[in-house]
2 protein chains.
Amino acid sequence: MKFCSQCGSNAVTFSIPQGDDRPRHLCGNCGTIHYINPRVIVGVLPYLEDRVLLCKRAIEPRLGLWTLPAGFMENGETSEEGALRESWEEARASIRVDELYSIYDIPHINQVYLMYRGELTDTNFGPGPESLEVSLFRQEEIPWAEIAFPIMHKTLKHYFTDTEQGQYQLHRGVISRKL
Amino acid sequence: MKFCSQCGSNAVTFSIPQGDDRPRHLCGNCGTIHYINPRVIVGVLPYLEDRVLLCKRAIEPRLGLWTLPAGFMENGETSEEGALRESWEEARASIRVDELYSIYDIPHINQVYLMYRGELTDTNFGPGPESLEVSLFRQEEIPWAEIAFPIMHKTLKHYFTDTEQGQYQLHRGVISRKL
Ligand SMILES: [Zn+2]
Ligand SMILES: [Zn+2]
C-alpha cells in the first residue's frame, strides 16, 4: 500500500498503531488503519464413479500443471456457492456437493483453503478461460508429479485413501513454507 | 475505496473490469484492480468439565452481551493459532485445542467463521481489554437471551447437544440476513 485509499495521502507507514500489537498500514494524514487479512480459497473435488476431475491451468502460477477447480471466495457468497462458481468457471462442471472435505491453512501466503467434495451431475464439462484442458482421471491415471499445488496433492491423496476405506472424513492441516 | 492505494489517483470507479463478471474497485489512472474478499473470524469454544467460558463484550458491536472468544484472523498465522491468540487477548485463557468444531458462512457481511473446541488448561483466565467480564457457565446458566451473535448461539447449542450425546462432530451452516 503506497497511498491511503481513504484520503489519497502518501504518508502511509507500516507501523504499530497505538493499542495494537503488530504493524499495520497506517495513514499519517487521516489516521486510517488499513487492515489486510488472509484470503479464503474455495474449491471442489469433483468425482464421477471412480474418477476425479482435474483442470490443466491456462494461467500462472503453475501454468500447464493440473489442479482441482478452486479460486478466491468473493464477497456476498457462501464458501459452498463460491466452490460451485469456481467449478463452473474453470471446468464448466455442474456438481452436487456432498460435504466440506478439506481445510488447509497456508500461513506464509495468508491463505485458507476450503475444499468441498461433490459428484458431477453430468459429463458436459470442459475448459473455462483459466483452463487448457479438463479431464477425468482414475487413481492410477492421476499425473501426481504434475499437480499444481501441495494442498491439491494432499486432498487427492486423502480422497483415494478414504475411497478405499469406504468412509470420507474432513481433513485438516497446515501447509508450511518449503524449506 | 476513494483513492487508489497504488497510485493515489481519485479516479477509482466501482465497475466491471474487462474479462471479469462483477464490479471491482478499478483505478482509471494506473489500471489496478483492487479486490476485496471475505474475512475469516477465528475463535474457540473453551470448556472445563461441564462448563463453557464466555466473555462479556466491552466493545461494540453488541457491547455488554456474551460471546465466545473470537476475532479476525491475521496474516501469517494459522486459523488455530489465531483462535488461540483471540482466546488469550479476550479472556487470558490458555487452551488445548481438540478439533475444529463449527464453520459458518455469513455472506451478507462477507465473513467466514472457524470455531475450534478446546479445553481450558487452568482457571487463570480473566478479561482482556475487549471484555468486561469472563466467566464459566453450565448449560442451565448460559444467558441465552444475551448471546451477542447467532453464530455463537448456534455453536453453543450444538456443543451441549453433542455433549449429551457423547460425541462431537463438525457443524457447518449459513447465517442469513435477518428478515
Ligand atoms: Zn489517509
Ligand atoms: Zn491507481
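No experiment lies behind these values; they were computed from the predicted model shown. (Residues numbered from 1 in each chain as written. Chains lettered and ligands numbered in written order. Predicted model: local features only at pLDDT ≥ 70, side-chain atom pairs only at ≥ 80, totals over all residues. Heavy atoms only, no water.)

### Focus: unusual backbone geometry
Residues and elements named next belong to chain A.
Moving on, step 1. The residue after glutamate 60, namely proline 61, is reached through a cis peptide bond having omega -5 degrees.
Moving on, step 2. Within the chain, arginine 62 stands out as a residue other than glycine whose phi angle is a positive 65 degrees.
Moving on, step 3. Since its relative accessible area comes to 37%, arginine 62 is described here as partly exposed.
Moving on, step 4. Located in the positive-phi region is asparagine 110, a residue other than glycine, with phi close to 60 degrees.
Moving on, step 5. The residue asparagine 110 is located in the loop between strand 8 (95–106) and strand 9 (111–120) in this model. (Buried < 20%, exposed > 50% of the residue type's maximum accessible area, 1.4 Å probe, protein only. Helix = DSSP H or I, 4+ residues; strand = E, 2+ residues; numbered from the N terminus.)

### Focus: the sheet that holds strand 3 (residues 33–34) of chain A
All names here are of chain A.
Moving on, step 1. Pairing is antiparallel across the open sheet formed by three strands, whose spatial order is 1-2-3. Sheet topology places strand 1 (12–15) and strand 3 at the edges, where each strand pairs with a single neighbour.
Moving on, step 2. Pairing between strand 1 and strand 2 (residues 24–27): four bridges, direction antiparallel. Along strand 2, the bridge assignment pairs serine 15 with arginine 24. (Pairing = 2+ DSSP bridges.)

### A look at empty space enclosed by the protein
All names here are of chain B.
Moving on, step 1. For the coordinates displayed, the defined rule picks out one cavity of 30 Å³ or more.
Moving on, step 2. Size it by volume and the largest cavity reaches roughly 40 Å³.
Moving on, step 3. Taken together, Cys55, Lys56, Arg57, Ile59, Thr67, Glu90, Glu130 and Ser131 make up the full set of residues lining the largest cavity.
Moving on, step 4. Taken together, the residues of the lining of the largest cavity sort by class into two nonpolar, two polar and four charged. (1 Å grid on protein atoms, 1.4 Å probe; cavity = no way out; pocket = protein on both sides within 12 Å on 5 of 7 lines; lining within 4 Å. Points joined across faces, edges and corners; volume = space filled by probe spheres on them. Nonpolar A, V, L, I, M, F, W, Y, C, P; charged D, E, K, R; others polar.)

### With respect to the coordination of the zinc ion (ligand 1)
Residues and elements named next belong to chain A.
Moving on, step 1. Within the protein, the atoms that donate to the zinc ion (ligand 1) are Cys4 (SG), Cys7 (SG), Cys27 (SG) and Cys30 (SG), at distances of 2.3 Å.
Moving on, step 2. Seen from the zinc ion (ligand 1), its four donor atoms lie at angles of 104 to 113 degrees, and the figure they make is tetrahedral.
Moving on, step 3. Motif for the zinc ion (ligand 1), donor spacing along one chain: C-x2-C-x19-C-x2-C.
Moving on, step 4. When its relative accessible area of 35% is taken as the criterion, cysteine 30 is described as partly exposed. (Donors = N, O, S within 2.8 Å, 3.2 Å for Na, K, Ca; no water. Tetrahedral: all angles 85-135°; square planar, octahedral: opposite > 155°, others 65-115°.)

### Here's the deal with the coordination of the zinc ion (ligand 2)
Residue and element names in this part refer to chain B.
Moving on, step 1. On the protein side, the zinc ion (ligand 2) has Cys4 (SG), Cys7 (SG), Cys27 (SG) and Cys30 (SG) as donor atoms, found 2.2 to 2.3 Å from it.
Moving on, step 2. In this structure, the zinc ion (ligand 2) is surrounded by four donor atoms whose angles at the metal cover 104 to 113 degrees, and the resulting shape is tetrahedral.
Moving on, step 3. The sequence pattern formed by the donor residues of the zinc ion (ligand 2) is C-x2-C-x19-C-x2-C. Within this pair, whereas cysteine 4 is found in the segment before strand 1 (12–15), its partner cysteine 27 is found in strand 2 (residues 24–27), the two being separated by 23 residues in sequence. Like cysteine 4, the residue cysteine 27 is buried in the burial classification.

### As for the sheet that holds strand 1 of chain B
Residue and element names in this part refer to chain B.
Moving on, step 1. Pairing within the open sheet is antiparallel, and its three strands lie in the order 1-2-3. Each end of this open sheet is capped by a strand with a single partner; those strands are strand 1 and strand 3 (33–34).
Moving on, step 2. Bridging between strand 2 and strand 3 involves two bridges; their strand directions are antiparallel. What sits directly across from leucine 26, in strand 3, is isoleucine 33.

### Some remarks on the packing of aromatic side chains
To describe a pair of aromatic rings, one takes the distance between the centres and the angle between the planes.
All names here are of chain A.
Moving on, step 1. Scanning all chains against the criterion turns up 14 aromatic pairs over all chains.
Moving on, step 2. Residues tryptophan 144 and phenylalanine 160 carry aromatic rings whose centres are separated by 6.3 Å and whose planes lie at 80 degrees to one another, so their mutual orientation is edge-to-face. With tryptophan 144 in the loop between strand 10 (131–137) and helix 2 (150–165) and phenylalanine 160 in helix 2, this pair connects stretches of sequence that are 16 residues apart.
Moving on, step 3. Take tryptophan 144: its relative accessible area is 22%, and that puts it in the partly exposed class.
Moving on, step 4. Assessed through its relative accessible area of 6%, phenylalanine 160 is described here as buried.
Moving on, step 5. Note on tyrosine 159 and phenylalanine 160: the rings are 5.4 Å apart at their centroids and 75 degrees apart in plane angle, and the pair reads as edge-to-face. The two residues tyrosine 159 and phenylalanine 160 agree in class, both being buried.
Moving on, step 6. Taken together, the ring pairs in this structure connect Tyr47, Tyr101, Trp144, Tyr159, Phe160 and Tyr168 into an aromatic cluster.
Moving on, step 7. The ring of phenylalanine 72 carries arginine 39 above its face, with NZ or CZ at 3.7 Å from the centroid. (Phe/Tyr/Trp six-rings, centres within 6.5 Å; stacked < 30°, edge-to-face > 60°. Lys NZ or Arg CZ within 6 Å of the ring centre and 35° of its normal.)

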